[in-house]
Amino acid sequence: MKEDYYEILGLSKSATAAEIKKAYRKMAIKYHPDKNPDNKEAEEKFKKAAEAYEILSNADKKARYDQFGHAAFEGGAGGFGGGGMNMEDIFSQFGDIFGGAFGGAFGGGGGFGGGGRARVKGSNLRIRVTLSLEEILNGVEKKVKVKRKVQADGVTYNTCTTCNGQGQVTRVTNTILGRMQTAATCPTCHGAGESIDKKPNDADAQGLVSKEENVSIKIPPGVTDGVQLKVSGKGNDATGNNGISGDLLVVIQEEEHANLKREGSNLHYDLYINFSEAVLGASKEIDTLTGKVRLKVESGVQSGKILRLRGKGLPSLESYGKGDLLVHVNVWTPKELSKEQKQFFEKMKEDTNFKPDPTNNEKSFFEKVKDMFS
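Please read all numbers here as calculations on a predicted model, not as lab measurements.

What counts as what
- Residues numbered from 1 in each chain as written.
- Predicted model: local features only at pLDDT ≥ 70, side-chain atom pairs only at ≥ 80, totals over all residues.
- Heavy atoms only, no water.
- Helix = DSSP H or I, 4+ residues; strand = E, 2+ residues; numbered from the N terminus.
- Buried < 20%, exposed > 50% of the residue type's maximum accessible area, 1.4 Å probe, protein only.
- Contact = heavy atoms within 4.5 Å.
- Areas by Shrake-Rupley, 256 points an atom, 1.4 Å probe, with all protein chains shown as cover.
- Pairing = 2+ DSSP bridges.
- Axes fitted to C-alpha atoms, helices over the stretch in contact; angles between N-to-C directions.
- Phe/Tyr/Trp six-rings, centres within 6.5 Å; stacked < 30°, edge-to-face > 60°.

Here we look at the overall build of the protein chain
Inference 1: Along the backbone of the protein chain there are nine helices and 15 strands.
Inference 2: Counting over 374 residues, the protein chain shows a buried share of 42%.
Inference 3: If you take every contact in the protein chain between residues at least 6 apart in sequence, the share linking residues at least 24 apart comes to 65%.
Inference 4: Per element, the accessible surface of the protein chain, about 21200 Å² overall, is 47% carbon and sulfur.

Quick look at the structure:
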């Protein structure tokens, strides 16, 4: 089981954004590879801290994590938000949190990220995938067509003259505390360390061309409407030989069911019965996500009664087991009656058994009605 992100950073769920940032900075400095060379345990803690910070520092991701836990980010192919973080991603995305720490090396100046610079990441893509409740019940693998930008064949690059291929520029300023060194992304190459030398005519200014690709998405059981999953590396390519592709963000859209309404992991079903069935009892067939089932309705059932079918709901992203199917009994009152029916109910109107009385458990009324309708 994955560790809780708050516990990794030594925080409570009520931690503020400033406290989250401070806790991450403290841990990352403590376990930074420059301070712990060839220490696999420290490297692992460094990665876990970065993964926790990546989720908790983002308001949207934090809200989804608080609601669904780690399951909110399952279904992708690893990477941020789903485990499998690597040093290049960490340095690329979070290097600026340290400013001049480690001599400006953190975030691209050291031996990580390839070629002594941070790796530029391509832009993310976002799509919506519509799921039926039946698909949400067991999870599903969806194949979708995605139009993404990839590097064109034949593109060549030159080293950026502004940053000399480092992808960042270093500035030294004098302060009352002494000389301070800070690093910032190169404004010319935007961190790539390279500029385009030659490109095909059909490529854009970044040397990219559009390509349609089939992508397989594994969606876990129990997802809810609006949940966002991620498939790493299936967004747009980045410029340059050192870049990494962005991610494909998959937003779940829940398809409305014809007979069932969802509430969390529970499902609701409206069962309509006629007056005779309410009086005499009945056996009714109702819909579930795994097929139709037979449900016994006891004689004398009241309109508004809720019958519970345990385990016939949906799985929860946060826990084991399934919700229930709640069957709401609605007694249908006829609007038009025959002469004989009107006479019968006129007679029964003054009968004490027809007067609302939840404490009345006498059976004679049901026997009387059964005789009248037989």
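Description of the environment of Ala238
Inference 1: Structurally, the position occupied by Ala238 is in the loop between β8 (228-231) and β9 (248-254).
Inference 2: Along the sequence, Ala238 and Gly207 sit 31 residues apart, while their C-alpha atoms lie 9.2 Å from each other.
Inference 3: If near-sequence neighbours (up to four positions away) are discounted, Ala238 is found in contact with Val120, Lys121, Gly122, Gln151, Leu208, Gly243 and Ile244.

Overview of the sheet that holds strand β11 (residues 266-274)
Inference 1: Strand order in the open sheet made by the four strands is β10-β11-β15-β14, with mixed pairing throughout. Looking at which strands have only one partner, the edges of the open sheet turn out to be β10 (260-263) and β14 (306-309). Here the average twist between neighbouring strands, direction ignored, is 30°.
Inference 2: Here four bridges tie β10 to β11, and the two strands are oriented antiparallel to one another. Paired with Glu263 across the bridge in β11 is Asn266.

Describing the packing of aromatic side chains
Inference 1: For the structure shown, the criterion picks out six aromatic pairs.
Inference 2: Aromatic pair Tyr6 and Tyr65: ring centres 6.2 Å apart, planes at 40°, arrangement tilted. Remark: Tyr65 occurs in helix α4 (residues 59-68) and Tyr6 occurs in helix α1 (residues 5-8); sequence separation between them is 59 residues.
Inference 3: Tyr6 sits in the buried class, given a relative accessible area of 2%.
Inference 4: Taking the centre distance of 5.0 Å and the plane angle of 75° together, the rings of Phe344 and Phe345 count as edge-to-face.
Inference 5: Residue Phe344 is classed as buried on the basis of its relative accessible area, which comes to 7%.
Inference 6: Counting every residue linked through ring pairs, the aromatic cluster contains Tyr5, Tyr6 and Tyr65.

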